[in-house]
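Structural overview
Residues per chain are reported as follows:
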Amino acid sequence: SSSSYASNSNSAWNVDFYNGYASDWGKQNNLAVRLVRGGQALSFAPKLSNIPDQQAINNTSSSEVTFSVGDEQSAASVLIITGSSSNTNLIPHGNIIFDGTGTHRTVTVTPMLGQAGTTTITVTVSDGSNSVSESFSVTVEMPPTISVISDQSIDEDTATAAIPFTVGDTESAASALTVTATSS
């Protein structure tokens, strides 16, 4: 083999295919052996970093999530990156957008309008022969709601009557919500 022996870069692994012994020998004559399996050269899967779970508010995209890719036999620029969703009613495959170049990439997911829930996004990187996948979950929450409050006019140094409005949330009771007001 032409791969370096760990304790001495001037040595290389030697495998005696007749006896099955492995040892290190000095590198001589720049000889190299290409490792093959079943008549095919060994090919390794690309590399894909971990992608953390995400949260998004309905009607908005997730923030760009960075990840890295690489491959021992191919340039990162030729790797094929695809994404799929386990819940296409929440996040369709077409709403998984990749960007970036070389080893530095990003993914942004956009939920369907009016949908909430959790889905698993699977990112796959392929070099054309081998592939590797990484999955992460995306939880989409609905934002709290507030009813329309009409414009109010009052005389100076007076107060309005109580102004009725309602609030709601799919994850929390209305009594657990905090309401704040501002005036211009």
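Everything that follows concerns the structure shown earlier in this document.
Here the residue index of a chain counts from 1 through its sequence in written order. Where local features are concerned, this predicted model is filtered to residues with pLDDT of at least 70; where side-chain atom pairs are given and counted, the filter is 80 or more; whole-chain, interface and lining totals use all residues. Note: side-chain values were computed over all heavy atoms of the structure, leaving out hydrogens and water.

**Examining unusual backbone geometry**
- The backbone of Asp157 shows a phi angle near 65°, a positive value even though the residue is not glycine.
- In this text, helices come from DSSP runs of H or I with a minimum length of four residues, and strands from runs of E with a minimum of two, each type numbered from the N-terminal end. Along the chain, Asp157 turns up in the loop between strand 14 (145–146) and strand 15 (167–168).

**Description of the sheet that holds strand 10 (residues 96–101)**
- Spatial ordering of the open sheet is given by 6-8-11-10, a layout of four strands whose pairing is antiparallel. The outermost strands of the open sheet, each flanked by one partner alone, are strand 6 (47–48) and strand 10.
- Note on pairing: DSSP must find at least two bridges between two strands before they are called paired. Inspection of the sheet shows strand 8 (residues 65–70) paired to strand 11 (residues 104–109) by four bridges, in the antiparallel sense. Each bridged residue has a counterpart across the sheet, and for Ser68 the counterpart in strand 11 is His104.

**Focus on the pairing of strand 12 (residues 117–126)**
- The pairing of strand 9 (residues 80–85) with strand 12 spans six bridges and is antiparallel. Across the sheet, the residue bridging to Gly83 is Val123, located in strand 12.
- In this sheet, strand 13 (residues 131–141) lies alongside strand 12 in antiparallel orientation, the contact comprising 10 bridges. Residue pairing in the sheet places Val125 in a bridge with Val132 of strand 13.
- Hairpin remark: strand 12 followed by strand 13, antiparallel, with four residues in the connecting loop; positive phi at Gly128, about 100°.

**Observations concerning the pattern of salt bridges**
- A side-chain nitrogen of Lys or Arg and a carboxyl oxygen of Asp or Glu constitute a salt bridge if their distance falls within 4 Å. The final tally for this structure, using the stated rule, is one salt bridge.
- One salt bridge in this structure joins Lys47 and Glu72, with 3.8 Å as the shortest N-O distance. On the criterion of sequence distance, the pair formed by Lys47 in strand 6 and Glu72 in the loop between strand 8 and strand 9 is long-range, its members being 25 residues apart.
- Only protein chains enter the accessibility calculation, which uses a 1.4 Å probe. A residue is then buried if its area is under 20% of the maximum for its type, exposed if over 50%, and partly exposed in between. On the accessibility criterion, Glu72 (58% relative accessible area) is exposed.

**What about the side chain of Thr106?**
- Among the secondary structure elements, Thr106 is positioned in strand 11.
- On the basis of relative accessible area, Thr106 is assigned to the buried category, the value being 12%.
- Contacts are residue-level and defined by heavy atoms, with any inter-residue pair within 4.5 Å sufficient. The contact partners of Thr106, leaving out residues within four places of it in the chain, are Glu64, Val65, Thr66, Phe67, Ile97, Phe98 and Asp99.

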